[in-house]
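Residue strings, one per chain:
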Amino acid sequence: MADHSATHAAHDPNIGNTGLDHRKMGMWAFLGSDCMFFGSLIGTYLAYKGKSLSGPTPYEVFDIPLTSYSAALLLASSLTMVLALAALQDNRVKVAAGWLLATAAMGLHFVLNQVYEFWTFVNHYNLTLSTSLFGSTFFVLTGFHGAHVTGGVIWLLLLVSLAWRGQLDRRDYTKVEIAGLYWHFVDIVWIAIFTIIYLIP
Amino acid sequence: MADHGTTTATHGGGGGHATVRTYIQVAIALAIITGVEVATLYIPGIPNPVLVISLLLMSAVKFYLVVGFFMHLKYDHQIMRALFVGPLLIAVIIILAVMALFSAFLLLPRPH
């Protein structure tokens, strides 16, 4: 296996002198920086929690069953993502494309739930980005997360499109794995947001 | 590469692997923990500090399961681990620092 790796490294331009795929290293570095980005937004939300002078409070507007359903959707989509990877590993490209499509569908469902939540906040509770500290910090944090999910859905659909056109096989494992890393990251960010923003009283 | 079998996944630079069975077990654990998290909210009489600590612990376990098994970091090269865990620790410090700066408290009542 060591000989195989050495040969692979000598011929694969994506393998750097660490012996690691630099595309994957780049993704991990990006995810690390994104941790700090979301850390700042979560910290800001918590710093201003309960300090709004007007407007509805979080617990007047939050729909815990809906957000729990959304959390379950993202967790389930993480499973389908790794199942897609496992299928691609076995060169079952059609199966992998099916799992990727299921992942994208659950991601899209999550985004639509979030759009519905935002619409309800604006139209039923008159809570907007400029209403209060709660509105500003909540919409910026969850909005950026939603944008990340939307980007992930587009990325997954592009991979599905490649698979359907016969341009994706087990040699592209790393490409799909990197997309998977990004997708799981949006899931773990939601794990944090769901607990810290929605569940903690 | 064919020797990796039908249910394993490789992880550039790492030596281990996870099976589909492992993925499904992790998903079941995640579903159970999420159910317990939400159910905890509806149990009356739990002191606030206990509730907050238990919710944070359950969230941390879910975080670890996804990062360790689904993102394969448990099996991956230590450089990949350092690239993610280092900034993650900084992110936690940022959150605590911002909260301290603004006198925001999760567990303790705010001073009046």
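Scroll up for the structure.
On a predicted model such as this, the values are computed, not experimentally measured, just so you know.

Student: How do you make sense of the overall build of chain A when you look at a structure like this?
Tutor: Within chain A one finds 7 helices and 0 strands. Reading chain A from its N end, one meets helices and strands in the order α-α-α-α-α-α-α. When the backbone C-alpha atoms are referred to their principal axes, chain A occupies close to 65 × 35 × 25 Å. Within chain A, contacts between residues separated by at least 24 positions form 79% of all contacts whose residues are at least 6 apart in sequence.

Student: Would you mind going over the packing of helix 2 (residues 22–47) of chain A against helix 7 (residues 173–199) of chain A with me for this structure?
Tutor: The packing of two helices is summarised by the inter-axis angle and the distance between the axes. Residues and elements named next belong to chain A. Between helix 2 and helix 7, whose axes approach to 11 Å, the crossing angle comes to 15°. Taken together, the axis directions place helix 2 and helix 7 in an arrangement best described as roughly parallel. In terms of crossing hand, the pair formed by helix 2 and helix 7 is right-handed. From helix 2, Arg-23, Lys-24, Met-27, Leu-31, Asp-34, Phe-38, Ile-42, Tyr-45 and Leu-46 reach across to helix 7, where they touch Thr-174, Glu-177, Ile-178, Leu-181, Tyr-182, Phe-185, Val-189, Ala-192, Ile-196 and Ile-197. Of the residues in the contact of helix 2 with helix 7, the class split is 14 nonpolar, 1 polar and 4 charged.

Student: Honestly, the nonpolar core in this entry has me stumped. Any pointers?
Tutor: As a rule of thumb, soluble globular proteins bury nonpolar side chains together. The biggest cluster of nonpolar side chains holds 76 residues, and the ones touching the most others in it are Ile-42, Ala-84 and Leu-100 of chain A. Where this core is concerned, the elements lending two or more residues are helix 2, helix 4 (64–89), helix 5 (93–124), helix 6 (133–164) and helix 7 of chain A together with helix 1 (20–41), helix 2 (48–70) and helix 3 (78–101) of chain B. If you tally residues by element for this core, the top one is helix 7 of chain A, at 18 residues. If we skip the residues at most four places from it in the chain, Ile-42 of chain A touches Leu-141, Ala-192 and Ile-196 of chain A together with Ile-95 of chain B.

The rules behind these values
- Residues numbered from 1 in each chain as written.
- Chains lettered and ligands numbered in written order.
- Predicted model: local features only at pLDDT ≥ 70, side-chain atom pairs only at ≥ 80, totals over all residues.
- Helix = DSSP H or I, 4+ residues; strand = E, 2+ residues; numbered from the N terminus.
- Contact = placed C-beta atoms within 7 Å.
- Axes fitted to C-alpha atoms, helices over the stretch in contact; angles between N-to-C directions.
- Parallel < 35°, antiparallel > 145°, perpendicular 65-115°, else oblique.
- Left-handed = near helix turned anticlockwise from the far one by under 90°.
- Nonpolar A, V, L, I, M, F, W, Y, C, P; charged D, E, K, R; others polar.
- Core = buried A, V, L, I, M, F, W, Y, C linked by C-beta atoms within 7 Å.
- Buried ≥ 20, exposed ≤ 12 C-beta atoms within 10 Å, placed from the backbone.

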